[in-house]
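One-letter residues, chain by chain:
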Amino acid sequence: MVAGTENMEAVPADKGGEILKPRTDKREYRKIVLKNSLEVLLISDPETDKCAASMNVSVGSFSDPEGLDGLAHFLEHMLFYASEKYPEEDGYSKYITEHGGRKNAYTSRENTNYHFDINTDSFDEALDRFAQFFIKPLMSADATMREINAVDSEYRKNLLYDFRRLDQLKKHLSREDHPYHKFSTGNMETLHVWPEAKGIDTRNELFKFYDKHYSASIMHLVVYGKENLDKTQGLVEETFQEIRNTNKSIPIYPGQPCTPALLQVLVKAVPIKQGHKLTVSWPVTPSIHHYEEAPCSYLGHLIGHEGEGSLFHALKTLGWATGLNAGESDLTMEYSFFDVSVDLTDAGHEHMQDILGLLFRHIKHLQQSGVSQWIFDELSAICEAEFHYQAKRDPFSYAMAISRNMKIYPTKHWLVGSSLPSRFNPDFVQKVLNELSPSNVRIFWRSKKFEGQTDETEPWYNTAYSFENITEFTIQEWVQSAPDVKLHLPVPNVFIPTDFSLKDVKDKDIFPVLLRKTSFSRMWYKPDTKFFIPKAYVKIDFNCPLSKTSPDAVVLSKIFVWLLVDCLNEYAYYARAAGLYYGLSLSGNGFELYLVGFNHKLRILLEAIMQKIAKFEVKPDRFSVIKETITKTYQNIKFKQPYEQAMSYCSMVLQDRTWPWTEKLDALTHLEADDLVNFVPMLLSRTFVECYISGNVEKNEAESMVKHIEDVLFNDPRPISRPIFPSQSMTNRVVELGKRIKCFYHQEGSNPSDENSALVHYIQVHQDEFAMNIKLQLFRLIAKQATFHQLRSVEQLGYITSLNQSNHSGVYGVQFIIQSSVKGPGHIDSRVESLLKDLESKLYNLSDEEFKSNVTALIDMKLEKHKNLNEESSFYWLEIKNGTFKFNRKDEEVAALRELKKEELIDFFDTYIKVDAPKKKSMSICVYGSQHLKEMASDKDEVASPFIEIEDIVGFRKSQPLYGSLKGWSQLKL
């Protein structure tokens, strides 16, 4: 093949058999190269309900011109607006949304990736609209200025995000002549103010950048379709062959970002949130060139291990750390870093030098002991099992992931990427391991305790920091003075599955069945009848009436759950490493356990967890660590994004039996280990266990698991638990807002440093009922893109702008969510009211064809099949947890949609949604950032009557009527 030959036809290559794919994957694959040199991977999946595409362009922020930081990211935004063939502004987004799809894009250092999915019958036109991004986009002057505002809003929402701040600080402390040093997001200054002052037209620069870099020769496309490969190939050839090919090569940025002067350094930085974190970073040889040897995966596995004898286990035992991660980061083709990040306790912060000493001692031991074949083989076996029995992903994320891989890997490994270590090369692993030395380390240490002790400021995110050099001799002193703890390699992993056989399931139930019910428990069972992989999904909800009776009870329940995870970690980490995952968390009525993954040894893990629950001990030293961690978690709630605060306030107003985080923090302050010792037996004394078991599990196995749980909790001569009384059955109830009386809650943002404000404009509609559900969903589908276009694209109120459907314990509504640094909540609320009037006109003027098209799109979305066991199980578990048990919900709602008339939708809108609707129940949650705080008083004064001003959330909630509980409606029988 000769690149750029004009008369050359598309060249098929690497038919499906030559691309390594999972054994369970029935899809067909084909690589082709178009006459313009565009490389394409075609995927045919006759079973799919969604089609998708992803284009990866091998240019990113590293290519930003000098003085125009963020231009690549800005161009990514601009390509969404319009094209010569489809000139309607936001037409692409409108088409995707109205046909059941979603779209997104991202810009990284060396790539810009565009992707979408859509209902199958709308794919051809969507693909054509998508292709115009890369053929003849329009970038109007008006849209250019508006989208600069959007980029600036995106930047401002991240100003107080610690991950972004540290990432930019790392880049700031690098060679100024290396593109790693750049500010990649862009903002108003870099894209408008500074260029304008220099006489530079940003829009002209956009066209120059596009013309210079957007060439078919550096693009990689994935097209995921329902049709056969030949038909999809014809569509792709016709649609994408007009993309220009300038024969441009993929840009290369040689050289390391860090000079010797920027190594052997200790950087102390002040974060936004409470907590201490230590990140130790080394520049290493990029493993991407040796992905089958997987040196960084091997080293991350050993240094990041959490079993007994590991570095983390030692730090945890000393009370110095609550988390540790190790692995490759900031990976490019030319350079890479290996990072070890440790979440420190207060005591760990005081022992930073000891922690670094133990880390370097551990690395030295690994360097001296050599690379172990059995460890590599074990890692390889785990990865191979995960690859061949992976859950089917949605086409949207699957296409995106593969298009990234196409740039990096040979065709054979486009699907697997670097996830399958297969070639043992101890010399190369040792080479990378030896690069983890004191001579080229960068240490980043974050803590609020450094406030007032720093002398530098990073310019983009205003992170305060100090910078000092450290010597190898200093690090050696830390190694020698660190405590004497025994560190050793992991033991062989007993959780690695070896039995991948599928159960011979006789029952072919399409919905969960209530297999077992006693006074202790209820068990739902759903065999795997469609995915056929050796995995299972187990969900167990321990309903404990005492768990939510007060802020103290909620906090003690939380500590109990966190301590359970804490004491299980060394053992259960091996299961997690082998593809068997578990989790414990608080639930609405107690606490919840899930186990997901290979079924072969799932029962062993379940029994170990139940044993820990039965024999739970409170260790005072671990109680103190967990209490400290949870305290910081509560304290950091005030640093949430304003829109998250507003959504939290909305839930707090609506959900009965919920407690403000401030009260939980106050309760936590006074709790000691003895309080938990006394509480846990009381918590477990009355329990009802709700179970859902699905996947590659036979009926008798499922029953045996539940019987084991009952035996542990209830069937001892002195049982830990007894059945709950009928009157103790817990329900989650929701406040019913008043009709035609709008509620307001005005609140100052909890972080005084955050200039952003937010609004949640909530409209409460109905309690779960099929006919009403579909009307609300259809309204949201029709209104979603119009909301985004008007409030975000046209009015530029803020980067975060969305219309979501809400579900509070079976009570449905919609939420208009907007976060803004340019306008206050009062103004935004008035714009939502104005938008509702526009939506009224839009609905009234909806043609029969448009109505039918939207109904069809919603039906297609509802008929979308579950792609994997987790997705199916999550859907059914939600029905069980909510007490609705409407397992055939999708079919019933589709049937209702097929009967729906346009007049019924308009009547629904007129009755519940529009500004003066007779049954409207609404509430505006207004959170004021520092920039708009002065507007709060006048906004309150200008509220139109009738209204209710909520001064005290809990007091208001107690004064309002509640919807009946859905759980109270169903009396299930076997």
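Okay, so let's go over this structure. Keep in mind the model is a prediction, meaning the values are calculated, not measured.

Cut-offs and rules
Residues numbered from 1 in each chain as written. Predicted model: local features only at pLDDT ≥ 70, side-chain atom pairs only at ≥ 80, totals over all residues. Heavy atoms only, no water. Phe/Tyr/Trp six-rings, centres within 6.5 Å; stacked < 30°, edge-to-face > 60°. Helix = DSSP H or I, 4+ residues; strand = E, 2+ residues; numbered from the N terminus. Buried < 20%, exposed > 50% of the residue type's maximum accessible area, 1.4 Å probe, protein only. Lys NZ or Arg CZ within 6 Å of the ring centre and 35° of its normal. Pairing = 2+ DSSP bridges. Axes fitted to C-alpha atoms, helices over the stretch in contact; angles between N-to-C directions.

A short note on the packing of aromatic side chains
Pairs of aromatic rings are described using the distance from one ring centre to the other and the angle between the two planes.
Turning to step 1, where the next piece is worked out: One pass over the full model with this rule turns up 47 aromatic pairs.
Turning to step 2, where the next piece is worked out: The interplanar angle of 10° and the centroid separation of 4.1 Å between the aromatic rings of Phe-183 and Trp-460 together place this pair among those described as stacked. With Phe-183 in the loop between helix H5 (162-172) and helix H6 (188-197) and Trp-460 in the loop between strand S15 (456-457) and strand S16 (464-469), this pair connects stretches of sequence that are 277 residues apart.
Turning to step 3, where the next piece is worked out: Residue classification places Phe-183 among the buried residues on the basis of a relative accessible area of 0%.
Turning to step 4, where the next piece is worked out: When the centroid spacing of 6.2 Å and the interplanar angle of 70° are considered together, the rings of Tyr-537 and Tyr-692 count as edge-to-face. Within this pair, whereas Tyr-537 is found in strand S19 (residues 535-543), its partner Tyr-692 is found in strand S22 (residues 688-695), the two being separated by 155 residues in sequence.
Turning to step 5, where the next piece is worked out: Sitting over the face of the ring of Phe-788, Lys-103 holds its NZ or CZ atom 5.4 Å from the ring centroid.

Comments concerning the sheet that holds strand S25 (residues 800-808)
Turning to step 1, where the next piece is worked out: If you walk across this open sheet you meet the six strands as S25-S26-S24-S27-S23-S28, and the pairing is mixed. This sheet does not close on itself; its edge strands, each paired only once, are S25 and strand S28 (947-949). For this sheet, the mean angle separating the axes of adjacent strands, direction not counted, is 20°.
Turning to step 2, where the next piece is worked out: Alignment of strand S23 (residues 742-748) against strand S27 (residues 921-928), held across six bridges, turns out to be parallel. Looking at the pairing, Cys-743 lines up with Met-923 of S27.

Details of unusual backbone geometry
Turning to step 1, where the next piece is worked out: Looking along the chain, the bond that leaves Ser-945 and enters Pro-946 is cis, with omega of -5°.
Turning to step 2, where the next piece is worked out: The topology assignment puts Pro-946 in the loop between helix H30 (936-941) and S28.
Turning to step 3, where the next piece is worked out: Phi is positive for Ser-37, which is not a glycine, with a value near 75°.
Turning to step 4, where the next piece is worked out: Along the chain, Ser-37 falls in the loop between strand S2 (28-33) and strand S3 (39-44).
Turning to step 5, where the next piece is worked out: The class for Ser-37 is buried, based on a relative accessible area of 10%.
Turning to step 6, where the next piece is worked out: Its identity is not glycine, yet Phe-532 carries a phi of approximately 55°, on the positive side.
Turning to step 7, where the next piece is worked out: You can see Phe-532 is positioned in the loop between strand S18 (521-527) and S19.

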